[in-house]
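If you want the building blocks of each chain, they are given just below.
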Amino acid sequence: MNVNDVHPPPVAVEVQPTGLVLTWAEGTTTQLRADALRTACRCGDCRRNAVAGRTAPVAAGLALVTVEAAGAYGLRLIFSDGHDRGIYPWSLMRDLEDLNR
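Note that the structure is predicted; figures quoted are calculated from it, not measured.

Focus on the sheet that holds strand β5 (residues 74-79)
Judged by pairing direction, the sheet is antiparallel, and its 3 strands sit side by side in the order β4-β5-β6 without closing on themselves. Each edge of the open sheet is held by one strand with a lone partner, namely β4 (64-70) and β6 (87-89). Across the sheet, the mean angle separating the axes of adjacent strands is 35° when strand polarity is ignored. Pairing geometry for β4 and β5, over 6 bridges, is antiparallel. What sits directly across from Ala 69, in β5, is Leu 75.

Below, the structure written as structure tokens:
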């Protein structure tokens, strides 16, 4: 992990089946859909597939089941399709907000 990738965590994380709502210290919020988060997974398997030109289809009705802290730099997300390997740094989640527009 690059030290420049470390961002302060949000002040609040709301977990919903449809995704996450993150509230940052400056008062802004980031809403991230579960399907966008699943597509953006950076785990080893997902990265290997992306390099090989394969993308796993996201199941209709995909839900975010739960989240776990991944140190101070992000979250580990567990999805209804069983995928639970991706670590999502705060910096990535700030960048992913554009995917929801």
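Now, onward.
A few points about the sheet that holds strand β3 (residues 29-33)
Overall, antiparallel pairing links the 3 strands, which are arranged β1-β2-β3 in an open sheet. The sheet is open, and its two edges are formed by β1 (12-16) and β3, each paired on a single side. Across the sheet, the axes of successive neighbouring strands diverge by a mean angle of 15°, strand direction being ignored. Across 5 bridges, the pairing between strand β2 (residues 19-23) and β3 is antiparallel. Considered in β3, the bridge of Leu 20 is made with Leu 32.

Side note on the environment of Cys 41
Inspection of the secondary structure assignment puts Cys 41 in the loop between α1 (34-39) and α2 (44-51). Accessibility expressed as a relative area gives 7% for Cys 41, which makes it buried. In sequence terms Cys 41 and Leu 77 are 36 residues apart; their C-alpha atoms lie 9.4 Å from each other. Contacts of Cys 41, omitting those with residues within four sequence positions, involve Cys 46, His 83, Gly 86 and Tyr 88.

Some words on the pattern of salt bridges
A complete count under the given rule lists 7 salt bridges for this structure. A salt bridge links Asp 45 to Arg 48; the nearest nitrogen and oxygen atoms lie 2.3 Å apart. Note that Asp 45 and Arg 48 are positioned in helix α2 at a spacing of 3 residues, about one turn of the helix. Note that Arg 76 and Asp 84 form a salt bridge whose closest N and O atoms lie 3.2 Å from each other. Take Arg 76: its relative accessible area is 24%, and that puts it in the partly exposed class. What makes Asp 84 partly exposed here is its relative accessible area of 28%. Overlapping salt bridges, with partners in common, bring together Asp 45, Arg 48 and Arg 85 in one network.

What counts and how
- Starting from 1, residues in each chain are numbered consecutively following that chain's sequence as written.
- Reporting of local features is limited, given that this is a predicted model, to residues whose pLDDT is at least 70; pairs of side-chain atoms are given and counted only at 80 or more, and all residues count toward the totals for whole chains, interfaces and linings.
- Water and hydrogen atoms play no part in the side-chain values, which are based on all heavy atoms of the structure.
- Two strands are counted as paired when DSSP detects at least two bridges linking them.
- Secondary structure elements are defined from DSSP: runs of H or I of at least 4 residues count as helices, runs of E of at least 2 residues count as strands, and each element is numbered from the N terminus.
- Working convention: axes come from line fits to C-alpha atoms, limited for helices to the stretch in contact. Angles between N-to-C directions cover 0 to 180 degrees.
- Each residue's exposure class comes from its accessible area (1.4 Å probe, protein chains only) as a fraction of the maximum for that residue type: buried when under 20%, exposed when over 50%, partly exposed otherwise.
- By definition, residues are in contact when any of their heavy atoms lie within 4.5 Å.
- We define a salt bridge as a contact between a side-chain nitrogen of Lys or Arg and a carboxyl oxygen of Asp or Glu at a distance within 4 Å.

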